[in-house]
Amino acid sequence: MRAFKPLAIGIGVTLVGTVLALGGCQESVEPAGEASGKTSAAPDAKSGLSLSEARLTLPAVGGRPGAVYFTLRNTGAVSVKAVAVHIEGATRAEMHETSGRTMKPLATLVVPPGATIAFAPGGRHVMVFGIAPSLVAGTSTEMTMSFANGETLAAPVAVRAPGDGDAHAMKMDMR
């Protein structure tokens, strides 16, 4: 029997983990139009909101949804409610939350004053459907988050390859 090298197993485990994590939100959609080349930093919104470290992890299997992760901060004095998100170069984007082994859409997200909310693997994230072929690793696009008070907040989003730093680290004892 042939032995596998640890690197090959690690890559396989990372890709399988990414596919399984994103597989809960399956949908078939058509690709969208061209992505933006915008790379400017996101300014704070009037209410004290800021969005940083946004990145889109592409799906390991073409035609499947990708996921956007980022940090959302509210340095303002009042709570705000996120109600929608748009990713340039995608047909649809939805806020989701993973809890245990289930993933469900988030219709809204309240961001209290002084809060920092992480959209990260295994928790809150944005599912991205119908990703344009022009969105490839190493490029960027733009995300716009809309709030119940009518404000929007736009930020650049780095596009990453599947498993590029966002998959959950899995360790295996290979003895």
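Just so it is clear, the model here is predicted, and its values are computed rather than measured.

S.K.: Looking at this model, I keep getting lost on the overall build of the chain. Mind explaining?
M.R.: A tally of regular secondary structure across the chain gives one helix and 10 strands. Listing the helices and strands of the chain from first to last along the sequence gives α-β-β-β-β-β-β-β-β-β-β. By sequence separation, contacts in the chain at least 24 residues apart represent 73% of the contacts at least 6 residues apart. When the accessible surface of the chain is split by element, carbon and sulfur atoms take 57% of a total near 9,600 Å².

S.K.: Mind showing me how you'd approach the side chain of T71 here?
M.R.: Turning to its location among the elements, T71 is positioned in strand β2 (residues 66–74). On the basis of relative accessible area, T71 is assigned to the buried category, the value being 11%. Polar contacts involving the side chain of T71 include one to the side chain of E53, which spans 3.4 Å. In contact with T71, not counting residues within four places along its chain, are S50, L51, S52, E53, T116 and I117.

S.K.: I keep staring at the side chain of H96 and nothing clicks. Help me out?
M.R.: Looking at the secondary structure, you find H96 in strand β4 (residues 90–99). A relative accessible area of 3% means that H96 is categorised as buried. Separated by 2.7 Å, the side chains of H96 and E94 make a polar contact.

S.K.: Even after reading the chapter, I still don't get the environment of G89, so can you show me in this structure?
M.R.: Locating G89 in the fold gives a position in the loop between β3 (80–87) and β4. Along the sequence, G89 and F129 sit 40 residues apart, while their C-alpha atoms lie 9.6 Å from each other.

S.K.: Before we go on, may I ask you to explain the nonpolar core in this structure?
M.R.: Counting 32 residues, the largest nonpolar core has V68, F70, M95 and V126 as its most contacted members. With residues up to four places along the chain from it excluded, the contact list for V68 reads R55, L56, I87, H125, V126, V128, M143 and V157.

S.K.: I'm lost on the pairing of strand β1 (residues 49–57) in this one. Help?
M.R.: The buried fraction of β1 amounts to seven of the nine residues, a majority that puts the element mostly inside the structure. By the bridge criterion, seven bridges tie β1 to β2 in an arrangement that is antiparallel. The residue of β2 that forms the bridge with S52 is T71.

S.K.: Looking at this structure, how should I read the pairing of β4?
M.R.: Consecutive side chains along a regular strand alternate between the two faces of the sheet. Pairing between β4 and strand β8 (residues 124–131): seven bridges, direction antiparallel. Bridge pairing links E94 to M127 in β8. In this sheet, strand β5 (residues 102–105) lies alongside β4 in antiparallel orientation, the contact comprising four bridges. Residue pairing across strands places S99 opposite T102, the latter belonging to β5.

Cut-offs applied
- Residues numbered from 1 in each chain as written.
- Predicted model: local features only at pLDDT ≥ 70, side-chain atom pairs only at ≥ 80, totals over all residues.
- Heavy atoms only, no water.
- Helix = DSSP H or I, 4+ residues; strand = E, 2+ residues; numbered from the N terminus.
- Contact = heavy atoms within 4.5 Å.
- Areas by Shrake-Rupley, 256 points an atom, 1.4 Å probe, with all protein chains shown as cover.
- Buried < 20%, exposed > 50% of the residue type's maximum accessible area, 1.4 Å probe, protein only.
- Polar contact = N/O pair within 3.5 Å; in protein donor to acceptor, adjacent residues only side chain to side chain.
- Core = buried A, V, L, I, M, F, W, Y, C linked by side-chain atoms within 4.5 Å.
- Pairing = 2+ DSSP bridges.

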